[in-house]
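# Observations on chain architecture
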Amino acid sequence: MIKPGLLFSLALLPLLASCAPLTSMLASQDGPVPRSAGPLTVGQTWTVSGPVSGRTVTTTINVRDLVEVAGSTASVGGRDQADAFARAQAGFGVATYNNDRRTLNFEWIGEQGERYVCTIDTLLSLPYAGRLTLKQGGNTATGSCQATLSQP
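Presented here is an overview of the structure given in this document.

Parameters and conventions
Residues numbered from 1 in each chain as written. Predicted model: local features only at pLDDT ≥ 70, side-chain atom pairs only at ≥ 80, totals over all residues. Heavy atoms only, no water. Phe/Tyr/Trp six-rings, centres within 6.5 Å; stacked < 30°, edge-to-face > 60°. Helix = DSSP H or I, 4+ residues; strand = E, 2+ residues; numbered from the N terminus. Buried < 20%, exposed > 50% of the residue type's maximum accessible area, 1.4 Å probe, protein only. Salt bridge = Lys/Arg side-chain N within 4 Å of Asp/Glu carboxyl O. Pairing = 2+ DSSP bridges. Axes fitted to C-alpha atoms, helices over the stretch in contact; angles between N-to-C directions. Contact = heavy atoms within 4.5 Å.

Counted by the stated rule, this structure contains four aromatic pairs. Geometrically, the ring pair formed by W46 and F106 is tilted, given 5.5 Å between the ring centres and 45° between the ring planes. Separated by 60 residues along the polypeptide, W46 in strand β3 (residues 45-52) and F106 in strand β8 (residues 103-109) bring together distant segments of the chain. For the pair W46 and F106, one class covers both residues: buried. Consider the rings of W108 and Y116, whose centres lie 5.1 Å apart with planes at 15°: the pair is stacked. Residue classification places W108 among the buried residues on the basis of a relative accessible area of 5%.

This is the structure in structure tokens:
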């Protein structure tokens, strides 16, 4: 004769087995998911390079944080960006993603205070390719650029 408690336990086995995939999926996450915007995710490092004005320039931009700025999401806040660009702070860089236009910009300041902007309009596959603009004094030069995820 089968005891009622054993019968009830056997009836619950299929229900418990159906929970296993969910339990496994939840257990595989190690803490909160990093904040992201388009292709940018907190913790990434991007290498951006390209030829402009007869030379090739390269920089790395770290995505330490993502904050909302003027209709976009950027790796640095708006006030910090304005201060760095106003002072021509060499080595400063920012990554910005515009969700409405689906464009990605990498902007940085070179050693002599020159300002570079790599604008990427098509985000289909890595490395991303776009236009590189150099602004120095009153002069502007254009070239091409590539952005590669160097540290996911």
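With that settled, the discussion passes to the pattern of salt bridges. Across all of its chains, the model carries three salt bridges by this definition. For E68, the salt bridge identified is with R35, shortest N-O distance 2.8 Å. Of this pair, E68 sits in strand β5 (residues 67-69) while R35 sits in the loop between α1 (4-27) and β1 (36-37), and the two are 33 residues apart along the sequence. When the shortest N-O distance is used, the salt bridge between E107 and R115 registers 2.7 Å. What makes R115 partly exposed here is its relative accessible area of 31%.

Pairing between the strands of a sheet comes from backbone hydrogen bonds, and it takes one of two forms, parallel or antiparallel. Reading across from one edge, β4-β3-β11-β10-β9-β8-β7-β6-β5 is the order of the nine strands in this open sheet, with antiparallel pairing throughout. In the strand order of this sheet, the two ends are held by β4 (55-62) and β5, each with one partner. Averaged over all adjacent pairs, the angle separating strand axes in this sheet is 30°, with direction ignored. As judged from the six bridges shared by β8 and strand β9 (residues 115-120), these two strands associate in the antiparallel manner. Opposite W108, over in β9, you have Y116 as the bridge partner. Helix α2 (residues 78-87) contacts β5, β6 (72-74), β7 (93-98), β8 and β9 of the sheet and is inclined by roughly 40° relative to β8.

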